[in-house]
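Commentary on secondary and tertiary structure
One letter stands for each residue in the lines below.
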Amino acid sequence: MKICPIAARLGRLCRSLLPLLLLFPALSHADPQPGFGLALALAEHHADVSFNQAPFQVYNSHGAGLAGDAQFVINPNWSLDPYLEFAYEHSHGDVQTALINASGGLMLRHWWQNVYVGPALEYGVEGLLQNQTVRRSSFGPGVGVGAGYESPRGLTLGVQLDAPQALYFSRDQRRSGVWLTLGYRWH
């Protein structure tokens, strides 16, 4: 059985983040706070795609970018968060080029003190670049799940796994991704 490269790297990422999570103060408690957040993002994506009956192309990409969201508190246990994510990435495998991955969506977060987890509906866009112009693009609706931590002072740390364009239900495009964000929320 072949393990998805994203899942393997996510396991290594979680092990490396554990010491970072231990740095956050565990004694302070805060409910979700309304406000706007901005974060630096690391992204990695995997694609197994075919376009116009062409042979399948398998490639991975990784890079960095920005993420932003607005948090609307429903009650102390729930919040609704529209978000945007953008990353400039480099790919390797069957496709070796620069590309852009971006998504916008809506996440419903369930909170336990300073920690959240929740599902997301999103719209993902990938553009393969050649000489600073988009050579090929794909886009469509997808799903994801996110988890994170927010300190009472506004420092945020999050991870999101997504399946961009998964709601096309196409056998010709299988995509997965992970976003790691570190940022700040203005309350």
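You'll find the structure just up there.
Each chain has its residues counted from 1, running along the sequence as written. Totals for whole chains, interfaces and linings use every residue, but because this is a predicted model, local features are given only for residues with pLDDT of at least 70 and side-chain atom pairs only at 80 or more, for both listing and counting. Hydrogens are left out, water is left out, and the side-chain values use all remaining heavy atoms of the structure.

Considerations on the side chain of Gln-160
Along the chain, Gln-160 falls in strand S7 (residues 155-163). For the purposes of these results, a polar contact is taken to be a pair of N or O atoms within 3.5 Å, where, inside protein, one atom must be able to donate a hydrogen and its partner to accept one; residues adjacent in sequence count only when each atom of the pair is a side-chain atom. Separated by 3.4 Å, the side chains of Gln-160 and Glu-122 make a polar contact. With sequence-adjacent residues up to four places away left out, Gln-160 is seen in contact with Tyr-83, Glu-85, Met-107, Glu-122, Val-145, Gly-146, Gly-177, Val-178 and Trp-179. By definition, any uninterrupted DSSP run of H or I lasting at least four residues is a helix, any uninterrupted run of E lasting at least two residues is a strand, and each is numbered from the N terminus. By definition in these notes, contact holds between two residues if any of their heavy atoms fall within 4.5 Å.

Focus on the packing of aromatic side chains
Planes of paired rings set the category: under 30 degrees apart is stacked, over 60 is edge-to-face and the rest tilted, where pairs are Phe, Tyr or Trp rings (Trp by its six-membered ring) whose centres lie within 6.5 Å. Within the structure shown, the criterion is met by 2 aromatic pairs. For the pair Trp-111 and Tyr-116, a centre-to-centre distance of 5.1 Å together with 50° between the ring planes defines the contact as tilted. Judged by centre distance (5.1 Å) and plane angle (75°), the rings of Tyr-184 and Trp-186 are edge-to-face. Exposure remark for Tyr-184: the relative accessible area of 36% places this residue in the partly exposed category. In this scheme, a residue with accessible area under 20% of its type's maximum is buried, one over 50% is exposed, and one in between is partly exposed, where area comes from a 1.4 Å probe on protein chains only. With a relative accessible area of 49%, Trp-186 lands in the partly exposed category. For a lysine, the NZ atom is tested; for an arginine, the CZ atom; a charge sits over a ring if that atom is within 6 Å of the ring centre and within 35 degrees of the ring normal. One Lys or Arg, Arg-109, reaches over the ring of Tyr-116 and ends 4.0 Å from the middle of that ring.

Focus on the pairing of strand S2 (residues 57-75)
Strands are labelled as partners when DSSP assigns at least two bridges between them. Sheet topology note: the strand S1 (residues 35-49)/S2 ladder contains 15 bridges and is antiparallel. Of the residues in S2, the one forming a bridge with Asp-48 is Val-58. By the bridge criterion, 14 bridges tie S2 to strand S3 (residues 78-93) in an arrangement that is antiparallel. In the strand pairing of S3, Ser-61 is matched with Ser-91. Remark: 2 residues form the turn of the hairpin made by S2 and S3, two consecutive strands paired antiparallel.

Some remarks on unusual backbone geometry
A positive phi angle, close to 55°, is found at Gln-113, a residue other than glycine. Within the fold, Gln-113 resides in the loop between strand S4 (98-112) and strand S5 (115-130).

Topic: a nonpolar patch on the surface
A contiguous nonpolar patch, built from Phe-72, Ile-74, Trp-78, Leu-80, Leu-106 and Leu-108 and spanning about 520 Å² of accessible area, is present on the exposed surface. Elements with a minimum of two residues in the nonpolar patch: S2, S3 and S4. In this structure, Phe-72 sits in strand S2. Overall, Phe-72 belongs to the partly exposed group, its relative accessible area being 48%. Surface patches are defined over residues having more than 30% relative accessible area and no salt bridge, joining like charges when they lie within 9 Å and nonpolar side chains (Val, Leu, Ile, Met, Phe, Trp, Tyr) when within 5 Å. All accessibility values rest on the Shrake-Rupley procedure with a 1.4 Å probe; residue burial counts only the protein chains present in the view. Salt bridges, as used here, are contacts in which a Lys or Arg side-chain nitrogen is within 4 Å of a carboxyl oxygen on Asp or Glu.

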